[in-house]
Amino acid sequence: MRDSLLPAAVIFISALTIAGAILLRPTGFDRCLHVVSADINRHVGSATLDPKDAEAQGARICAGNGAR
């Protein structure tokens, strides 16, 4: 019984690791949001620009709603 428990536990932990990696990988929207937000911050370069505003504008652009 104990001999079969160890391989089963290793297989189970491996499956959880793979499932976690699949679920945590960045989506296309996340990549787009990161690129657009970084571009907005770089072009504006203002100390008064709120990072949340840049992220919100990036989300609108990535969602196809355009910039305000």
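This text goes with the structure placed above it.
Counting from 1, residues in each chain are numbered in the order their sequence is written. Per-residue local features of the predicted model are confined to residues with pLDDT of at least 70, and side-chain atom pairs are confined, for both listing and counting, to 80 or more; whole-chain, interface and lining totals are unaffected and use all residues. With hydrogens and water set aside, each side-chain value is computed from the structure's full complement of heavy atoms.

Asks: Requested: an account of the state of the cysteines, with residues and values cited.
Replies: When two cysteine sulfur atoms are found within 2.5 Å, that pair is recorded as a disulfide. In the structure shown here, the tally under the stated rule is one disulfide. Covalently, C32 is tied to C62 through a disulfide, its sulfur atoms 2.1 Å apart. Between C32 and C62 the sulfur-sulfur dihedral comes to about -95°; the bridge is accordingly left-handed. On the criterion of sequence distance, the pair formed by C32 in helix 2 (residues 28-44) and C62 in helix 3 (residues 51-63) is long-range, its members being 30 residues apart. Three exposure classes are used, based on accessible area relative to the maximum for each residue type with a 1.4 Å probe and protein chains only: buried under 20%, partly exposed in between, and exposed over 50%. Using a relative accessible area of 19% as the deciding quantity, one classes C62 as buried. Only DSSP runs of H or I reaching four residues or more are called helices, and only runs of E reaching two or more are called strands; each is numbered from the N terminus.

Asks: So what about helix 3? Which residues, and what values?
Replies: An α-helix turns once every 3.6 residues. As a result, residues three or four positions apart point the same way. Counted at 1.5 Å a residue, the expected span for helix 3 with its 13 residues is 18 Å, and the 18 Å between its end C-alpha atoms agrees. Buried within helix 3 are the following residues: A54, G58 and C62. When helix 3 is viewed along its axis, its buried side chains cluster within an angular range of 70° and face the same direction. One or two steps after helix 3, the chain reaches G64, where phi turns positive at roughly 90°. Given a helix with a known number of residues, its expected span is that number minus one, times 1.5 Å. In this description, one arc is meant: the one made by directions from the helix axis to the C-beta atoms.

Asks: Kindly report on a nonpolar patch on the surface, identifying the contributing residues and their values.
Replies: A cluster of nonpolar side chains, namely F12, I13 and L16, defines an oily patch on the protein surface of about 330 Å² accessible area. Inspection of the secondary structure puts F12 in helix 1 (residues 2-24). According to the relative accessible area criterion, F12 is exposed, its value standing at 54%. Two joining distances apply to patches: 9 Å for like charges and 5 Å for nonpolar side chains (Val, Leu, Ile, Met, Phe, Trp, Tyr), and every residue must have over 30% relative accessible area and no salt bridge. The accessible surface values rely on the Shrake-Rupley method and a 1.4 Å probe; as for residues, cover is taken only from the protein chains in view. For this analysis, a salt bridge means a side-chain nitrogen from Lys or Arg found within 4 Å of a carboxyl oxygen belonging to Asp or Glu.

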